[in-house]
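Each chain, letter by letter, is given below.
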Amino acid sequence: MVIYDLICDSSHTFEGWFKDASDFESQQSSSMILCPFCDSELVTKKLAAPKLSRKSNSVPQQQQVATGDRTAEAFAQLQDMLGRVHTFIEKNFEDVGNRFAEEALSIHRGEREDENIRGTASVEELKQLAEEGVTSMTLPPKPINKKKLN
Ligand SMILES: [Zn+2]
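Residues numbered from 1 in each chain as written. Predicted model: local features only at pLDDT ≥ 70, side-chain atom pairs only at ≥ 80, totals over all residues. Heavy atoms only, no water.

Student: Can you walk me through the pairing of strand E1 (residues 2-8) in this structure?
Tutor: Looking at chain direction, E1 and strand E2 (residues 13-18) are connected through 6 bridges and run antiparallel. Bridge assignment links Leu 6 to a residue of E2, and that residue is Phe 14. Between the end of E1 and the start of E2, which pair antiparallel, lie 4 residues, with Ser 11 showing a positive phi angle near 65°. The pairing of E1 with strand E3 (residues 43-45) spans 3 bridges and is antiparallel. Its bridge partner lying in E3, Leu 6 is registered against Lys 45. (Pairing = 2+ DSSP bridges. Helix = DSSP H or I, 4+ residues; strand = E, 2+ residues; numbered from the N terminus.)

Student: Can you help me understand the coordination of the zinc ion in this one?
Tutor: Each pair of donors in an ideal octahedron of six around a metal sits at 90 or 180 degrees, and each pair in an ideal tetrahedron of four sits at 109.5 degrees. For the zinc ion, every protein donor is listed as Cys 8 (SG), His 12 (ND1), Cys 35 (SG) and Cys 38 (SG), and the spread of their distances is 2.0 to 2.3 Å. Using a relative accessible area of 0% as the deciding quantity, one classes Cys 35 as buried. Given the relative accessible area of 32%, Cys 38 is considered partly exposed. (Donors = N, O, S within 2.8 Å, 3.2 Å for Na, K, Ca; no water. Buried < 20%, exposed > 50% of the residue type's maximum accessible area, 1.4 Å probe, protein only.)

Student: Quick question: what am I supposed to make of helix H3 (residues 100-108) here?
Tutor: Residues lying three or four places apart along an α-helix face the same way, a consequence of the helix completing one turn every 3.6 residues. Summarising burial for H3: 7 of the 9 residues are buried, a large majority. For H3, the set of buried residues is Phe 100, Ala 101, Glu 103, Ala 104, Leu 105, Ser 106 and Ile 107. If you follow the buried residues of H3, they end up packed against strand E5 (117-118) and helix H4 (123-132). Trailing H3 by a residue or two, Gly 110 shows a phi angle of about 75°, which is positive. (Contact = heavy atoms within 4.5 Å.)

Student: Hey, could you run me through the side chain of His 86 in this one?
Tutor: As for its position among the elements, His 86 is in helix H2 (residues 73-92). By relative accessible area, His 86 is classed as buried at 11%. Apart from residues no more than four positions distant in its own chain, His 86 is found in contact with Pro 140, Pro 141, Lys 142 and Pro 143.

Student: Help me understand the packing of H3 against H4, please; the structure alone is not making it clear to me.
Tutor: Look at H3 against H4: their axes get within 10 Å of each other, and the N-to-C directions meet at 5°. The angle between the axes of H3 and H4 places the two elements in the roughly parallel class. Packed against H3, whose contacting residues are Phe 100, Ala 101, Ala 104, Leu 105 and His 108, the element H4 presents Glu 125, Leu 126, Leu 129 and Glu 132 at the interface. Grouping the constituent residues of the contact of H3 with H4 by class yields 6 nonpolar, 1 polar and 2 charged. (Axes fitted to C-alpha atoms, helices over the stretch in contact; angles between N-to-C directions. Parallel < 35°, antiparallel > 145°, perpendicular 65-115°, else oblique. Nonpolar A, V, L, I, M, F, W, Y, C, P; charged D, E, K, R; others polar.)

This is the structure we're talking about:
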């Protein structure tokens, strides 16, 4: 049994129940589907918003965000700290870009020199790394310096 959202030529929307997709098509082509509101035979499937295919347990990615009064001390301190975190990382960690997961694994397995690395990884990759016993940290994004933007 399939349920379709249907729409007639006068924009009435209603649900139609069919045995399967071909049942809908044969009923539609022989004008057997009537709009319950105006008896129109010109009924089509309402286009549903495309459903994003998501892996079962993944949630849409959200960033944690904080904001505040730019002149307030706490917010200024936070920006300053984040800035320093990034400076520290840039100085002390080698940038391996999108090879992060690969490199982290080979360090973990002792296949390459042990060193501090940074780069980008997907949530999926981080999960795999964690399963292998590699601990990594997701870094807060670099604070955007408004002065530099303008
Ligand atoms: Zn109608």
